[in-house]
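# Architecture and fold: a report
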Amino acid sequence: MSAEEREASYSRRAGAALGGWFRATLLDAVIVGAMWLVGLLWIGVPFAPLWAVLGALFQFVPGVGAVLGVCGPAVAAVFSTNDNDYSRLWWVLGLYAVIAVTDGLLIQPLLLKRQTRVPWWAALLGPILGGILLPPWGALLAPPILAVVFAFRRPRLTQV
């Protein structure tokens, strides 16, 4: 195999890994947006479809995206009450907690493992370690870098 063929093979493999990462992130955003929509409609927050779409789009920003996604519904919940009853706000914050934990511990790692060869433990710990070593860029770049690194990892041979 010539150097050009080897380089083209490496480029295809890295491109396929990044494509898998993007598909996993896109599917994660759709799932989180659906969870926001159902929860906000159930709570009765005004402009629930808008907040759900924004929450889905913010999923593309690792780390702070989920926090940005809760700001709009929280403000809308506060201003949608006529008195000093903030129970709708507490429901929105509880919904955020459920979505953040479910997404961070279950949905994201499973989707990344399914679309790329990244194991769930690496998908879970990679952004944390990246954020510690190189804040904030390490957390932002850890998932696509992990996808490329694990694409070049050789599968283990099973012993018979």
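Since we're looking at a predicted model, the values are computed, not measured.

Moving on: the overall build of the protein. Within the protein, the regular secondary structure consists of six helices and zero strands. Ordering the α and β elements of the protein from the N terminus gives α-α-α-α-α-α. Against the 2.2 N^0.38 benchmark of 15 Å for 160 residues, the protein shows a C-alpha radius of gyration of 19 Å, more extended than a compact globule. In terms of principal-axis extent, the alpha carbons of the protein reach across some 75 × 35 × 30 Å. Counting every position in the protein, which comprises 160 residues, the buried fraction comes to 34%. Intrachain contacts of the protein at a sequence separation of at least 6 include 63% that bridge at least 24 residues.

Attention now moves to empty space enclosed by the protein. Where empty space is left can be seen by rolling a probe of water-molecule size over the atoms. Enumeration over the complete set of coordinates arrives at one cavity of 30 Å³ or more. For the largest cavity, the calculated volume is near 70 Å³. If you go around the largest cavity, the residues you meet are Val32, Trp36, Gly55, Gln59, Gly65, Ala66, Gly69, Tyr96, Ile99, Ala100 and Asp103. Mapped by element, the contributors of at least two residues to the lining of the largest cavity are helix H1 (3–43), helix H3 (65–79) and helix H4 (87–115). For the lining of the largest cavity, the leading source of residues is H4, giving four residues. Across the lining of the largest cavity, the residue classes tally to six nonpolar, four polar and one charged.

Among the structural elements, Pro109 can be located in helix H4. The class of Pro109 is buried, set by a relative accessible area of 2%. It is 13 Å that separates the C-alpha atoms of Pro109 and Pro62, two residues lying 47 residues apart in sequence. Excluding anything up to four places from it in sequence, Pro109 contacts Asp103, Gly104, Trp120 and Ala123.

When a protein is soluble and globular, its nonpolar side chains tend to lie buried together. Core analysis: the biggest nonpolar cluster contains 14 residues, and Trp36, Leu40, Val45, Val92 and Leu95 have the highest contact counts within it. Mapped onto this core, the elements with two or more residues apiece are H1, helix H2 (48–57), H3 and H4. Top contributing element to this core by residue count: H1, with four residues. In this structure, Leu95 is in contact with Met35, Trp36, Gly39, Leu40 and Ile43, ignoring residues within four places of it in sequence. Membership of the second largest hydrophobic core comes to twelve residues, among which are Ala17, Ala24, Ala123 and Phe150.

So, on to the environment of Trp91. Inspection of the secondary structure puts Trp91 in helix H4. Residues Trp91 and Trp42, spaced 49 residues apart in sequence, show a C-alpha to C-alpha distance of 9.9 Å. Ignoring sequence-local partners within four residues, the contact set of Trp91 consists of Trp42 and Ile43.

Helix length check: H1, at 41 residues, gives a terminal C-alpha distance of 59 Å against a target of 60 Å (1.5 Å per residue), a fit within 8%. At the C-terminal side of H1, Gly44 shows a positive phi close to 95 degrees.

In this structure, the largest pocket encloses a volume near 630 Å³. For the lining of the largest pocket, the secondary structure elements donating two or more residues are H1, H3, H4, helix H5 (120–133) and helix H6 (137–151). Top element by residues in the lining of the largest pocket is H4. It accounts for eight residues.

All right, on to H2 then. Residues that lie three or four places apart on an α-helix share one face, since the helix turns once every 3.6 residues. Of the positions making up H2, those classed as buried are Ala48, Trp51, Ala52, Gly55 and Ala56. All buried residues of H2 project into a common sector of 135 degrees when viewed along the axis, lining one side. In this structure, H2 carries Pro49 and Leu57 as exposed residues pointing more than 90 degrees from its buried face. Next to the buried residues of H2 lie H1 and H3.

What counts, and where the lines are drawn
Residues numbered from 1 in each chain as written. Predicted model: local features only at pLDDT ≥ 70, side-chain atom pairs only at ≥ 80, totals over all residues. Heavy atoms only, no water. Helix = DSSP H or I, 4+ residues; strand = E, 2+ residues; numbered from the N terminus. Rg over C-alpha atoms; globule rule 2.2 N^0.38 Å. Buried < 20%, exposed > 50% of the residue type's maximum accessible area, 1.4 Å probe, protein only. Contact = heavy atoms within 4.5 Å. 1 Å grid on protein atoms, 1.4 Å probe; cavity = no way out; pocket = protein on both sides within 12 Å on 5 of 7 lines; lining within 4 Å. Points joined across faces, edges and corners; volume = space filled by probe spheres on them. Nonpolar A, V, L, I, M, F, W, Y, C, P; charged D, E, K, R; others polar. Core = buried A, V, L, I, M, F, W, Y, C linked by side-chain atoms within 4.5 Å. Expected span 1.5 Å × (residues − 1). Arc of directions from axis to C-beta.

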